[in-house]
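Residues per chain are reported as follows:
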Amino acid sequence: MTLLFTDTFAISSAHIVAKWTLTTGTPVANSLPLHTNGRGMTASGGSACTVRKQVAASEEHATFIAGAAFSISGAVSAETPLLDFMSDGATTTHITVSLTGSSAAPARRVRVYLGGLGSTLLTTTPVAYFPVNGVPYFLEAKVVLHDTNGSVVVKIDGVTIIDLQGIDTKAGGTKTVLDGIRLTPGTSSAYDPSISDFYLCNGAGSKNNDFLNAPKIFCLLPNGNGNSSQGTGSDGDSTDNYELVNDPLGFLNTSDYVDFLATGDKDTYTFTDTSGISTANEVFGVGIYAHAQKNDAGARTWVGVARSGSSESDTAAQPLTAATFTAPGGIIETKPGGGAWTVSDLHSMEFGNKAGT
């Protein structure tokens with residue numbers, strides 16, 4: 001698997017905290033109508049905020065590709081890191097892609113540092129980007145980690161703006177592979193920057209191992225019963241369980257839920273369509289994410305399920321934590337039964353949750 005992680009930041013602020021490791025401040029899932037789902041991540045009040053994602057050991061790789069839609073609302077008061085590529089448990093920063101500060105549109109420029117913000121400057125774009133306030137621009141960066149033969153390529157809206165080859169991209173630490181990424185959303189009062197449509201890939205395999213070129217990432221919600229209804233709802237039965245897990249975007253209610261008692265028990269649900277998306281568009285993969293905890297003794301895991309016709313595919317099992325909600329998830333890059341996903345497939349699919357061991 002090379003598409004590792006996605007986030008629309010559409011569900012709720014609590015879900016952002018559950019999916020990411022919060023370093024500073026408080027992230028907020030805000031209403032941002034120009035973004036794909038009408039929502040994106042900012043930070044609370046005037047406080048700084050950073051969130052980071054560390055991948056599983058099996059997903060570490062010398063090459064990471066990451067991207068997101070970034071929107072700036074006004075003058076940038078300070079230079080802002082957009083993407084930080086990290087290793088050693090997502091503690092060592094090797095490459096930072098930033099937006100220059102103290103500049104209003106259209107004078108903003110993109111920079112690349114070896115190390116964190118303000119460390120060794122590798123390059124600054126000679127021309128400005130992010131020219132219009134309030135408009136999301138999709139920035140992506142591909143980093144190859146190496147002491148002498150590394151590289152950094154940056155794109156905006158699918159167009160290459162920086163291409164550094166044969167350079168030192170390793171700022172320290174002990175690992176020779178990347179294992180984490182960090183984002184820095186701006187304050188909710190200024191939306192500088194607001195972030196949405198995030199993805200992370202590595203360079204392994206033959207699919208999704210390069211730029212996705214400004215993809216849109218849609219958040220779909222359950223809207224009906226699927227083939228399996230083996231969970232017990234907080235209402236005491238297994239009828240219409242989808243109604244207990246279909247909270248609208250921006251709101252997460254943990255007082256209604258579905259409980260799975262035995263290993264292998266699962267629910268699948270029908271989902272809202274990707275409204276307005278042409279069936280000619282490519283689908284890179286489907287991410288299944290939950291908001292879950294365990295409430296019994298011993299180790300328990302969550303598994304995501306995708307169902308097409310009579311064929312099913314499972315995500316890798318993710319551990320659950322007692323009395324603490326986390327956001328286990330997984331990516332399925334090919335549809336159940338084989339073959340590439342299509343937009344039409346998504347209109348007839350079921351997705352759901354399964355109790356792991």
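Read on for a plain summary of the structure. Being a predicted model, the structure only gives us computed values, none of them experimental.

The rules we used
- Residues numbered from 1 in each chain as written.
- Predicted model: local features only at pLDDT ≥ 70, side-chain atom pairs only at ≥ 80, totals over all residues.
- Heavy atoms only, no water.
- Helix = DSSP H or I, 4+ residues; strand = E, 2+ residues; numbered from the N terminus.
- Buried < 20%, exposed > 50% of the residue type's maximum accessible area, 1.4 Å probe, protein only.
- Contact = heavy atoms within 4.5 Å.
- Salt bridge = Lys/Arg side-chain N within 4 Å of Asp/Glu carboxyl O.
- Pairing = 2+ DSSP bridges.
- Axes fitted to C-alpha atoms, helices over the stretch in contact; angles between N-to-C directions.
- Core = buried A, V, L, I, M, F, W, Y, C linked by side-chain atoms within 4.5 Å.
- 1 Å grid on protein atoms, 1.4 Å probe; cavity = no way out; pocket = protein on both sides within 12 Å on 5 of 7 lines; lining within 4 Å.
- Points joined across faces, edges and corners; volume = space filled by probe spheres on them.
- Nonpolar A, V, L, I, M, F, W, Y, C, P; charged D, E, K, R; others polar.

Non-glycine residue Ala 90 carries a positive phi angle of around 55 degrees. Tracing the chain through its elements places Ala 90 in the loop between strand 7 (80–87) and strand 8 (92–99). Not every positive phi belongs to a glycine, and Asn 208 is a case in point at roughly 55 degrees. Along the chain, Asn 208 turns up in the loop between strand 15 (194–202) and strand 16 (222–229). The exposure class assigned to Asn 208 is buried, which follows from its relative accessible area of 9%.

With that settled, the discussion passes to the side chain of Ser 228. Tracing the sequence through the fold places Ser 228 in strand 16. If near-sequence neighbours (up to four positions away) are discounted, Ser 228 is found in contact with Lys 266, Asp 267 and Thr 268.

Residue position: Thr 148 is located in the loop between strand 11 (137–144) and strand 12 (150–156). Classification of Thr 148 by relative accessible area gives exposed; the value is 55%. Counting along the chain gives 17 residues from Thr 148 to Pro 131, while the straight-line C-alpha distance between them is 34 Å. Look past the residues within four positions of Thr 148 in its chain and what remains in contact with it is Gly 166, Ile 167 and Asp 168.

Bringing the pattern of salt bridges into the picture now. Counting across every chain of the model gives 11 salt bridges. In this structure, Arg 111 and Glu 79 form a salt bridge, with 3.1 Å as the shortest nitrogen-oxygen distance. Residue Arg 111 is found in strand 9 (residues 110–114), and its partner Glu 79 is found in the loop between strand 6 (63–71) and strand 7; the two are separated by 32 residues along the sequence. By relative accessible area, Arg 111 is classed as partly exposed at 24%. A salt bridge links Lys 354 to Asp 314, with the nearest nitrogen and oxygen atoms 2.8 Å apart. Of the two residues, Lys 354 sits in strand 25 (residues 350–355) while Asp 314 sits in strand 22 (residues 311–314), which places them 40 residues apart along the sequence. Judged by relative accessible area, Asp 314 falls into the partly exposed class, the value being 39%.

In a beta sheet, neighbouring strands are held together by backbone hydrogen bonds and run either parallel or antiparallel to one another. Pairing in this open sheet of 7 strands is antiparallel, and the strands run 2-5-14-7-8-9-10 from one edge to the other. The strands lining the two open edges of the sheet, one partner per strand, are strand 2 (21–24) and strand 10 (120–124). Adjacent strand axes in the sheet meet at a mean angle of 20 degrees, parallel and antiparallel pairs treated alike. Taken together, the 3 bridges between strand 2 and strand 5 (residues 50–54) define a ladder with antiparallel strand orientation. When the sheet's bridge partners are listed, Leu 22 is paired in strand 5 with Val 51.

With 44 residues, the main nonpolar core has Phe 85, Phe 130, Leu 139 and Phe 198 as its most contacted residues. Not counting the four nearest positions on each side in its chain, Phe 198 is found in contact with Phe 5, Thr 6, Asp 7, Phe 9, Trp 20, Ala 66, Gly 67, Ala 68, Leu 83, Ile 181, Leu 183 and Ile 217.

This brings us to the layout of surface pockets. In this structure, the second largest pocket spans a volume of roughly 630 Å³. Around the second largest pocket, the lining is made up of 27 residues, and of these Lys 53, Gln 318, Ala 327, Pro 328 and Gly 329 lie nearest the centre. Counting residues per element, the ones that place at least two in the lining of the second largest pocket are strand 1 (3–7), helix 1 (13–19), strand 5, strand 23 (318–319) and strand 24 (329–332). Split by residue class, the lining of the second largest pocket holds 14 nonpolar, 8 polar and 5 charged.

Here the focus is the pairing of strand 12. For strand 12, a buried count of 7 out of 7 residues is recorded, marking the element as mostly surrounded by other parts of the structure. On strand 12, burial covers both faces: Gly 150, Val 152, Val 154 and Ile 156 on one face and Ser 151, Val 153 and Lys 155 on the other are all buried. Here strand 11 pairs with strand 12 via 6 bridges, running antiparallel. Bridging from a neighbouring strand, Val 143 pairs with Val 152 of strand 12. Connecting the antiparallel pair strand 11 and strand 12 is a turn made up of 5 residues. Bridge analysis of strand 12 against strand 13 (residues 159–167) gives 7 bridges, and the strand direction is antiparallel.

Here we take up the side chain of Thr 80. Mapped onto the elements of the fold, Thr 80 is located in strand 7. With residues near it in sequence (within four places) discarded, Thr 80 still touches Ser 98, Leu 99, Thr 184 and Pro 193.

By themselves these figures say nothing about function.
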